[in-house]
Structure formats: structure tokens, C-alpha cells
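Residue strings, one per chain:
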Amino acid sequence: MSKRLTLVLGGVRAGKSRHAQALAQAGQRVLVVATSEAGDAEMAARIQAHRAERPAHWDTLEEPLDLVTALAPRLPNYDTVLLDCLTLWVSNRLLSPPDAGQDPRDISAEAHRLLRLYEQGDASWIVVSNEVGLGVIPANELARAYADELGRVNQVFAAAADDVTVMFAGVPVNINALSSDGTR
Amino acid sequence: MSKRLTLVLGGVRAGKSRHAQALAQAGQRVLVVATSEAGDAEMAARIQAHRAERPAHWDTLEEPLDLVTALAPRLPNYDTVLLDCLTLWVSNRLLSPPDAGQDPRDISAEAHRLLRLYEQGDASWIVVSNEVGLGVIPANELARAYADELGRVNQVFAAAADDVTVMFAGVPVNINALSSDGTR
Amino acid sequence: MSKRLTLVLGGVRAGKSRHAQALAQAGQRVLVVATSEAGDAEMAARIQAHRAERPAHWDTLEEPLDLVTALAPRLPNYDTVLLDCLTLWVSNRLLSPPDAGQDPRDISAEAHRLLRLYEQGDASWIVVSNEVGLGVIPANELARAYADELGRVNQVFAAAADDVTVMFAGVPVNINALSSDGTR
């Protein structure tokens, strides 16, 4: 079976993680890449709830920022990567102070490096992300920058994905299969 | 004709109510369950506009909170229930003070009780709700709780629905018919 | 070849403009109608980026408010109109002070006049707009009015359009082709 890149998009509480986990069940050796940080009690509870839903034999890598560095050496051990989610990764990088060597805010370039990692390996990836651009555009400058960055990153993965699934109220819709547009 | 559960999802001004009303025209004895409260002039005007669009022979039940209690005794008189909408019902319950007997904020459990009412009866239900999770996630804690609760309630009804229709700019898209995903 | 009305809907950074431009490539004489105003540096940069992506031989009409007046005399010279976007046009009109002769906030009526201009001419129109109603409904009254007005305008164009395309992460989905609903 050849590898496959799947992007699972959707809003808050749309069943993205559950659907992504159901897809990952097809894998033998599954690595969950969790990008969330348990900064407060609410987030800690969300992380714990997500973890409880996953099979016990799956491995988990927690990395909020440097996905490429953390993931590259581990990749050969797995046939399936479940990356949950791009949303928090973009948020974490956007809010990080730029360090000497590298600007953590250079997010699109890092998204392309991450995609190259997928392309060079043998594992299937299931990547979860939020769509956040369909509400009233926030007056807040950081929120606008966030929606822009995340939208760009989602496009990077969607353009390369075999399947792009949008979740509505728990119902998965594979829009790549529906898109018959000749301009793409 | 057997009964049918339809969930009509969509954003603000997407034509949800108009579409739901068009679907309800197939019924002989139609009960509209309105969950809105005319708390201010803007809302009163919206309620009035919605009512003017409906056929005069439809009955209307106005109930902002206790849908199960209010609906159960009336159900045998109707073959079609148009519930418009879950959005305000969740909002009304979330903002209600917990009383002695029952916590009005226990919304998911009440959604399941409501669904059981549908399952036990003979009427078709057309249920309207907003999708609110596709914008930038609000910093406000109550707004986040609201998006979470409504998302959960939408999933409860979507999982049981024969048709899940998402409205975009007045165009209905039946996503259950599109969803060919084997994991569901 | 007969003319065609296409509405390209989507969120922030979903690839709407790029997709609309790809569709407009089929035209011989293309007029871009840009509704944005370079009010600040961020907007000026967005306008410049959009312009750099377009073929040099396309003409551009910049008009933030009076689309009908500005467009009518120019229409006979073009076979393709790319209107990008309704979002900012609605926002510009909503924020304009009412003048003596005409209330710039009477937006739905103006949308219908604009649509009549399309119907009377020979050119194909590709119309770009945002969907902004799928986030948590803003507490701010102006933001709610904006979501309402834009939703109404989108419905005016969607009801008349040959194709309604919703963009998700750069993937176009033609929902008119998917909508098999008999009530529409």
C-alpha cells in the first residue's frame, strides 16, 4: 500500500480529531504528533480527553514549535503519522519570540519543509487543521495575521494532499473528490 | 410515508429558515418550535419577519429552554416539526442560572433526550442550527464554551439525521449524500 | 459562447482571488473591478500583491462604492468582468455617511441593480465574496449588521449564478453542481 497525505479540515467541535483517529486505525505503527501545550487547565483537560480517545499502543510526540527537527529522526519507525493540529502549531509559532538563528514566525517556509519531510518518507500522514477564516474578520491585528498564516499553511497541505476532508457537525466531506474544476 | 430527520446547518443569513420552511411544506400538520426570545427590538423584528414568512395554518410553540417538556404532549397532533433553532436554545440554556432540580447547562444530555423524543414519535423533524466554529476562535471564555456546546449538540443531531444540509448563500448542499467515508 | 455568472465564495486566505483569476483567463478582454481602498499600509500591500498576480493586459477599475455608475459605461468594451470583491464593497457602503440623494447603506437594492447590469450585458462575470457568517456571532452591532448585509448580497448573486464555488484551503467546490435539492 502506498502512502497517502490526508488533510482533515473543520471548525471547533466538528469531529476532526475523532475522524483523523478513525483514519489512522488503518496504520500498524502510529505516531501522534501533538502540538498543543497545556498552558492552562482548560487546555490540559482538552489534551487529556484527546489522549484518552486514542489506542494505548500509539506513540505520542509532543512538540509545539519545531516539528521538522523533532519529527525527522523518528519518522523511519512509523507507517502512519497523525499530526493534530496545524492550528496550534501556527499559533505557537506566531506567538514565539524570534530567536537569533531563525524567525519562528516564518511559518509558510516551515510548512513547506514539513511537507518535504512527508514526501521523502514512506509513511502516510493525516494532518488536522482548523478553518478559521469563515467568520467576521477580526479587528484585532494579531487575529488577522493568524487567520492569514493558517490559511496559507492549510493551502500548502491541501495542494499536496490526496484527500482534503472538511468536517461539518461530525460528517466528513472529501472535497478533493468533489472538486472537478479544470483550473486546479 | 416514513418519518425523516433533517438537520439544516449554516451561517448567519445563509437561508437556513427559508430552506427549512420549504422542506416543511410537505407536511400536513406542521408545528413550528421557536426558541428565540424577543429580548430586544432587533430580535423582536427578526422573530416577526420569520413568522410572516410561514403559512398561516402552521402552529407555533415558543419555548426558549425546556423543549422536551413543552414538546412531548403536543407531538401526537403533528406530522412535521420545524425546530428553529438549536443555536438560540443552546445560548438560552447556557445563559440560564442553574435551578434547584436541574442544571440548564447540561445541554448535551438534553439534546439526547430531545432526539429520543423524535425517535419515539411518528413525525418528521426539520431542525435548524448554526455552524459557528469556522471563525477565529474567540478569546472570550463564554464564546468558546458556546461554540463547544453548540458543536456537540449539532453532532448529536447530525449523527442521527437522514439528511444533513449545509447552506451557503442560500444554496443547500446535502452533505450526508456526499459523505462516502467508510469510517463513519 | 454564452455569458456566465460565477460566484466565488470562501473565507480569508482560501484562494478565492487566485481561483477567480484562473477562471477569467478564458476571457479575451478582461476588466478587473477592485473595490478595495488603500486606507492603510496593510491594505495597500494586499492590493499590490493582488495586482502583481494578474496579467498585465487586463484593465482595472477601482471603485469602492458606486459600482453600477462606474461599471455601466465601460461594460460594452469587455467580455469578462472580474469583480473582487463584494465583501469590501458592502463594508465600504455600510461605513459611508448617507448623502442627500441616496442612502449608500441601501445595499441589497444596489446589489439587485448590479445584477441587472450583468443580465442586460453580454459579458461573463466572475464575482468574489467572503462568507463571514460561520463564526461565533459577534456581540458588536455593526459586525452583526455587516454579516447580515453581506449574507443577503451573497444570496442575491448566488440565486442568479450559473456556478457557485466555495473555496476551502484553495480547493474549489462547485456547490450548484452538488445541490440536487428539489425545493430550490
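Below you will find a few notes about this structure. Just so it is clear, the model here is predicted, and its values are computed rather than measured.

### Let's talk about the layout of surface pockets
Then, in step 1: Its boundaries defined by the atoms lining it, the second largest pocket holds a volume of some 1400 Å³.
Then, in step 2: Along the walls of the second largest pocket sit 44 residues, with Ile137(A), Met43(C), Arg46(C), Leu88(C) and Asn130(C) positioned nearest its centre.
Then, in step 3: When contributions to the lining of the second largest pocket are tallied by element, the ones reaching two or more residues are helix 6 (141-160) of chain A together with helix 1 (16-24), helix 2 (41-53), helix 4 (86-95), strand 5 (124-130) and helix 6 (141-160) of chain C.
Then, in step 4: No other element matches the nine residues that helix 2 of chain C contributes to the lining of the second largest pocket.
Then, in step 5: Partitioning the lining of the second largest pocket into residue classes produces 20 nonpolar, eleven polar and 13 charged.

### So, the nonpolar core
Then, in step 1: Trp125(A), Phe157(A), Trp125(B), Phe157(B), Trp125(C) and Phe157(C) are the most contacted members of the largest nonpolar core, which totals 135 residues.
Then, in step 2: Residues contacting Trp125(C), with those up to four places away along its chain left out, are Arg4(C), Leu5(C), Thr6(C), Leu71(C), Leu75(C), Val81(C), Leu114(C), Leu117(C) and Tyr118(C).

### Side note on the pattern of salt bridges
All names here are of chain A.
Then, in step 1: Considering all chains together, one arrives at 18 salt bridges over all chains under this definition.
Then, in step 2: Between Arg 93 and Asp 66 there is a salt bridge, and its shortest N-O distance comes to 3.7 Å. Here Arg 93 is found in helix 4 (residues 86-95), whereas its partner Asp 66 is found in the loop between strand 3 (59-62) and helix 3 (67-71), with 27 residues between them in sequence.
Then, in step 3: Here Arg 113 ties to Glu 110 by a salt bridge, and the two come within 2.8 Å at their closest N and O atoms. Linking Arg 113 with Glu 110, this pair stays in helix 5 (residues 107-120), spanning three residues, or about one helical turn.
Then, in step 4: Since its relative accessible area comes to 29%, Arg 113 is described here as partly exposed.
Then, in step 5: You can call Glu 110 buried: its relative accessible area is 5%.

### Considering the relation of the copies chain A and chain B
Then, in step 1: After a rotation of 120° and a shift along the axis of 0.0 Å, chain A superposes on chain B with an RMSD of 0.0 Å. Expressed as an axis order, the relation between the two copies is that of a three-fold axis. No C-alpha of chain A approaches the rotation axis more nearly than that of Gly135(A), which lies at 2.3 Å.

### Structural notes on the side chain of Glu131(B)
Then, in step 1: Tracing the backbone through its elements, the reader meets Glu131(B) in the loop between strand 5 (124-130) and helix 6 (141-160).
Then, in step 2: An unpaired buried charge is present at Glu131(B): no salt bridge exists, and Lys16(A), the closest side chain of opposite charge, is 8.7 Å distant.
Then, in step 3: One polar contact links the side chain of Glu131(B) to the main-chain amide nitrogen of Gly133(B), over a distance of 2.9 Å.
Then, in step 4: Leaving out residues up to four positions away in the same chain, Glu131(B) has contacts with Ala169(A), Leu9(B), Gly10(B), Gly11(B), Gly133(C), Leu134(C) and Gly135(C).

### With respect to the side chain of Gln155(C)
Then, in step 1: Structurally, the position occupied by Gln155(C) is in helix 6.
Then, in step 2: Assessed through its relative accessible area of 14%, Gln155(C) is described here as buried.
Then, in step 3: Among the polar contacts listed, one links the side chain of Gln155(C) to the backbone oxygen of Arg13(B), at a separation of 2.9 Å.
Then, in step 4: Non-local contacts of Gln155(C), meaning those with residues more than four positions away in its chain, are made with Arg13(B), Ala14(B), Gly15(B), Arg18(B), Ala169(B) and Gly170(B).

Reading the values: rules and limits
Throughout this document, residue positions are counted from 1 along each chain, in the order its sequence is written. Here the convention is simple: chains get letters from A, ligands get numbers from 1, in the order in which they are written. Local features in a predicted model are, by the rule used here, given only for residues with pLDDT of at least 70; side-chain atom pairs are given and counted only at 80 or more, and totals for whole chains, interfaces and linings are based on all residues. The side-chain numbers reported here are obtained from all heavy atoms of the structure, hydrogens and water having been left aside. Here the term cavity refers to a set of points on a 1 Å grid, laid over the protein atoms alone, in which a 1.4 Å probe fits but cannot get out; the term pocket refers to an open set having protein on both sides within 12 Å along at least five of seven lines, with lining residues being those that place an atom within 4 Å of a point. Grid points are joined across faces, edges and corners, and a volume is the space filled by probe spheres set on the points. Under the DSSP-based scheme used, a helix requires at least four consecutive residues in state H or I and a strand at least two consecutive residues in state E, with every element numbered from the N terminus. Note on residue categories: nonpolar means Ala, Val, Leu, Ile, Met, Phe, Trp, Tyr, Cys or Pro, charged means Asp, Glu, Lys or Arg, and polar means any other residue, Gly included. Remark: nonpolar core denotes a set of buried residues (Ala, Val, Leu, Ile, Met, Phe, Trp, Tyr, Cys) joined through side-chain atoms within 4.5 Å. In this scheme, a residue with accessible area under 20% of its type's maximum is buried, one over 50% is exposed, and one in between is partly exposed, where area comes from a 1.4 Å probe on protein chains only. A contact between two residues is defined here by any heavy atoms of the two lying within 4.5 Å. Salt bridges are identified by distance alone: a Lys or Arg side-chain nitrogen within 4 Å of an Asp or Glu carboxyl oxygen. When the copies are superposed, the least-squares fit takes in the C-alpha atoms of residues with a pLDDT of at least 70 in both. Only four residue types enter the charge count: Lys and Arg as positive, Asp and Glu as negative, with His and the chain ends excluded. Identification of polar contacts relies on pairs of N or O atoms within 3.5 Å, with a donor-acceptor requirement for protein atoms, meaning one able to donate a hydrogen and the other able to accept it, and with residues adjacent in sequence counted only if both atoms are side-chain atoms.

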